[in-house]
Amino acid sequence: MYLSTVSGPVADPPESGPPEPGPRRRRLAMVSGNVVALGTVSLITDVSAEMVAAVLPLYLVLGLQLSPVAFGVLDGVHTGATALLRVVGGYAADRFQRRKLIAGLGYTLSAVAKLGLLLAGRSIPAIGAVIAVDRLGKGVRSAPRDALITLSTPPEALGRAFGVHRAMDSFGAFLGPLAAFAVLLVVGQSYDAVFVTSFCVAALAVVVLVLFVRERPPGEVKDEPKVSVREALGLFRGGPARRLVLAAAMLGLATIGDGFVYLLLQRREDLGLRWFPLLAVGTSLAYLLLAAPLGVLADRIGRLPVVIGGYTALGATYLLLAGPVDGWPLIVLTLTLYGAFYAATDGVLIALAGPVLPAQLRTTGIALVQTGQALAYLVSSVLFGLAWQAFGPDTAIRAAAAAVAGVLVLTLLLLISPSRLTIRKVPR
């Protein structure tokens, strides 16, 4: 089941072709080639991104001796500082119908930023600026990429399509820390070697995007009217879209950065520094195994219940980090639940938004949802860093778990209003 407006969203026209012969054929249908191509680009990009992400907390906190507050600010910048430009990129993609071009610019910016880390040296402001450029690239590319997925997929299969895409994405996230670990084993504690290798991998992703991703799926009308700023602002007047953006922002407030989670684990278990990148591998493995099944489940039982389940797993992750469990059980349970959180929320939330947003403003609407999350995440990272420094990590993580519980209640109140939203079954 999934949410839709009572009057019904502006739906994408079905792809041309002979009708499906039966329900079993529909269940076994594969995702489109465009989704697979975009998944491949994300896979390669995530190898590059996670190589850097796996070593960055160590480099900043242990290498440059950043305080929890300073790390929280940089971590927030990593996701939230350029969030408003997501909306600009999303609107430009809708306005000029160049989603592939805008996404390509974003992937290119992120690739170049990997080389910027070499030039930044030990300067914290320079590192912050490079991280901002990298996240600018992610912000610009995310909404056009997700819009291409929604426009290449029938509405009833969006959960599966995003599940497959996120599974491929998470496979790259699984390989990235392993690649960083291998580079560090070969060259020693040389972060520069990790940054150079990461750039080369990111450049390959841009090449794959240019060669294999289509701007429009077969059958899509090419001469679409250009959308205006007034139409884009009109998304805020629509009840379902406005509530989705607000819910996404609240959920972002309850989310702290991966770096904090892994630093807390490393601190509690006194893990050796060379093993630190492998914590991200555990999370990515759980994400990889669960993303596609949870996407299919979301199409069957409802996307909102799966999202709520994901944030419940996040709250349980935070409680584990301040609980009595320790040793390997703590590491395995924490990374499994953290991966389940990402698998149940990352693509499913966008799949939830897809049927509510009109096709001609799909990229802008997705960008608004992602921007709400990113800006809230910037705030939550700074607040968590302050709480850690003022009250200690255990108190800070317990407060984060309480925030998750409160936000889940508010999200349910926002998104399951029977007077404005209706539940519709996806045909089997």
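Residues numbered from 1 in each chain as written. Predicted model: local features only at pLDDT ≥ 70, side-chain atom pairs only at ≥ 80, totals over all residues. Heavy atoms only, no water.

Student: Got a minute to help me understand the overall build of the chain in this structure?
Tutor: What the chain contains, in helices and strands, is 16 helices and two strands. Evaluated residue by residue, the chain yields a buried proportion of 57% over its 428 residues. Considering only intrachain contacts with a sequence separation of at least 6, the fraction spanning at least 24 residues in the chain is 87%. When the accessible area of the chain is evaluated, it comes to approximately 17,600 Å², of which 70% is carbon and sulfur surface. (Helix = DSSP H or I, 4+ residues; strand = E, 2+ residues; numbered from the N terminus. Buried < 20%, exposed > 50% of the residue type's maximum accessible area, 1.4 Å probe, protein only. Contact = heavy atoms within 4.5 Å. Areas by Shrake-Rupley, 256 points an atom, 1.4 Å probe, with all protein chains shown as cover.)

Student: What exactly am I supposed to notice about helix α16 (residues 393–415) here?
Tutor: An α-helical turn contains 3.6 residues, so a residue and the one three or four places further along point in the same direction. The end-to-end C-alpha distance of α16 is 33 Å, a good match for the 33 Å that 23 residues give at a rise of 1.5 Å each. When α16 is considered as a whole, its buried residues turn out to be Pro393, Ala396, Ile397, Ala400, Ala401, Val404, Val407, Leu408, Thr411, Leu414 and Leu415. (Expected span 1.5 Å × (residues − 1).)

Student: Could you clarify how one ought to interpret the environment of Leu101 in this entry?
Tutor: Its place among the elements puts Leu101 in helix α5 (residues 99–120). Leu101 gets classed as exposed once you look at its relative accessible area, which sits at 52%. Sequence separation between Leu101 and Leu209 is 108 residues, and the spatial gap between their C-alpha atoms is 9.6 Å.

Student: Looking at this structure, how should I read the packing of aromatic side chains?
Tutor: One pair of aromatic rings is described through two measures. These are the centre distance and the angle between the planes. What the rule picks out here adds up to ten aromatic pairs. When the ring of Phe260 is compared with that of Phe384, the centres are 4.8 Å apart and the planes differ by 65 degrees; the resulting orientation is edge-to-face. Remark: Phe384 occurs in helix α15 (residues 362–391) and Phe260 occurs in helix α11 (residues 258–269); sequence separation between them is 124 residues. Note on Phe260: relative accessible area 1%, which makes it buried. Aromatic rings pair up to connect Tyr262, Tyr287, Tyr311, Tyr338, Phe341 and Tyr342 into one cluster. (Phe/Tyr/Trp six-rings, centres within 6.5 Å; stacked < 30°, edge-to-face > 60°.)

Student: Please clarify how the pattern of salt bridges should be interpreted in this entry.
Tutor: A side chain of one charge can pair with a side chain of the opposite charge if their charged atoms are brought near each other. Overall, the coordinates contain four salt bridges when judged by the stated rule. The salt bridge partner of Asp146 is Arg166, with a shortest N-O separation of 3.1 Å. Placement of Asp146 in helix α6 (residues 124–151) and of Arg166 in helix α7 (residues 158–187) is noted, with a sequence separation of 20 residues between them. Assessed through its relative accessible area of 0%, Asp146 is described here as buried. (Salt bridge = Lys/Arg side-chain N within 4 Å of Asp/Glu carboxyl O.)

Student: What am I meant to see in the packing of α11 against helix α13 (residues 303–321) here?
Tutor: Helices that pack against each other are described as a pair by the angle of their axes relative to one another and the distance between those axes. Following both chains from N to C, one finds α11 and α13 inclined at 30 degrees, their axes separated by 10 Å at the closest point. Regarding the angle of α11 to α13, the classification is roughly parallel. The hand of the α11/α13 crossing is left-handed. On α13, the residues that touch Val261, Leu264, Leu265 and Arg268 of α11 are Tyr318, Leu320 and Leu321. (Axes fitted to C-alpha atoms, helices over the stretch in contact; angles between N-to-C directions. Parallel < 35°, antiparallel > 145°, perpendicular 65-115°, else oblique. Left-handed = near helix turned anticlockwise from the far one by under 90°.)

Student: Is there a simple way to think about the nonpolar core in this case?
Tutor: Note that soluble globular proteins tend to have their nonpolar side chains buried in a common cluster. Among the nonpolar cores identified, the biggest contains 115 residues, and Leu60, Ile256, Tyr262, Leu279, Tyr318, Phe384 and Ile397 are the most heavily contacted of them. When residues in this core are grouped by element, the largest group, 15 residues, is from helix α2 (residues 33–63). Not counting chain neighbours up to four residues away, the residues in contact with Ile397 comprise Ile256, Leu264, Tyr318, Leu321, Ala322 and Phe384. (Core = buried A, V, L, I, M, F, W, Y, C linked by side-chain atoms within 4.5 Å.)

Student: Hey, could you run me through the side chain of Asp146 in this one?
Tutor: Side chain to side chain, Asp146 and Arg166 meet in a polar contact 3.1 Å long. Contact partners of Asp146, with chain neighbours within four places excluded, come to Phe162, Arg166, Ile350, Ile366 and Gln370. (Polar contact = N/O pair within 3.5 Å; in protein donor to acceptor, adjacent residues only side chain to side chain.)

Student: Explain the environment of Thr312 to me, please; I cannot follow it from the model alone.
Tutor: With respect to the secondary-structure elements, Thr312 resides in helix α13. Of the polar contacts made by the side chain of Thr312, one reaches the backbone oxygen of Ile308; its length is 2.9 Å.

Student: I keep staring at a nonpolar patch on the surface and nothing clicks. Help me out?
Tutor: A grouping of Leu204, Val207, Val210, Leu211 and Phe212 is seen on the molecular surface, where their side chains present a nonpolar patch of about 510 Å² in accessible area. Along the chain, the position of Leu204 falls in helix α8 (residues 191–212). A residue is classified by how much of its surface remains accessible, and Leu204, at 45% relative accessible area, is partly exposed. (Patch = residues over 30% accessible without salt bridge, like charges linked within 9 Å, V, L, I, M, F, W, Y side chains within 5 Å.)

Student: Would you take a moment to explain α8 for this structure?
Tutor: Between its first and last C-alpha atoms α8 spans 32 Å; for 22 residues at 1.5 Å apiece the expected length is 32 Å, and the two agree. For α8, the complete set of buried residues consists of Tyr191, Ala193, Val194, Phe195, Ser198, Val201, Ala202, Ala205, Val206, Val208 and Leu209.

Student: Looking at this structure, I do not really get the packing of α7 against α8. What am I missing?
Tutor: Axis separation between α7 and α8 bottoms out at 9 Å; the angle between their running directions is 135 degrees. Taken together, the axis directions place α7 and α8 in an arrangement best described as oblique. The way α7 lies across α8 gives a crossing that is right-handed. Along the contact surface, α7 presents Ala180, Val183, Leu184 and Val187, while α8 presents Ala193, Val194 and Thr197. Of the residues belonging to the contact of α7 with α8, the class tally is six nonpolar, one polar and no charged. (Nonpolar A, V, L, I, M, F, W, Y, C, P; charged D, E, K, R; others polar.)

Student: Honestly, the confidence of the model for the chain in this entry has me stumped. Any pointers?
Tutor: The predicted coordinates ought not to be read in detail in places where the model reports low pLDDT. Here the chain averages 77 in pLDDT, while 80% of its residues score no lower than 70. For the chain, strand β1 (residues 2–5) is the element with the lowest average pLDDT, namely 28, and α13 is the one with the highest, namely 91. Confidence drops under a pLDDT of 50 for residues 217–221, and excluding neighbours within four residues, the segment shows six contacts in the predicted structure. The model gives residues 418–428 a pLDDT under 50, and that stretch makes 31 contacts with residues more than four places away or in other chains. (pLDDT = per-residue confidence, 0-100.)

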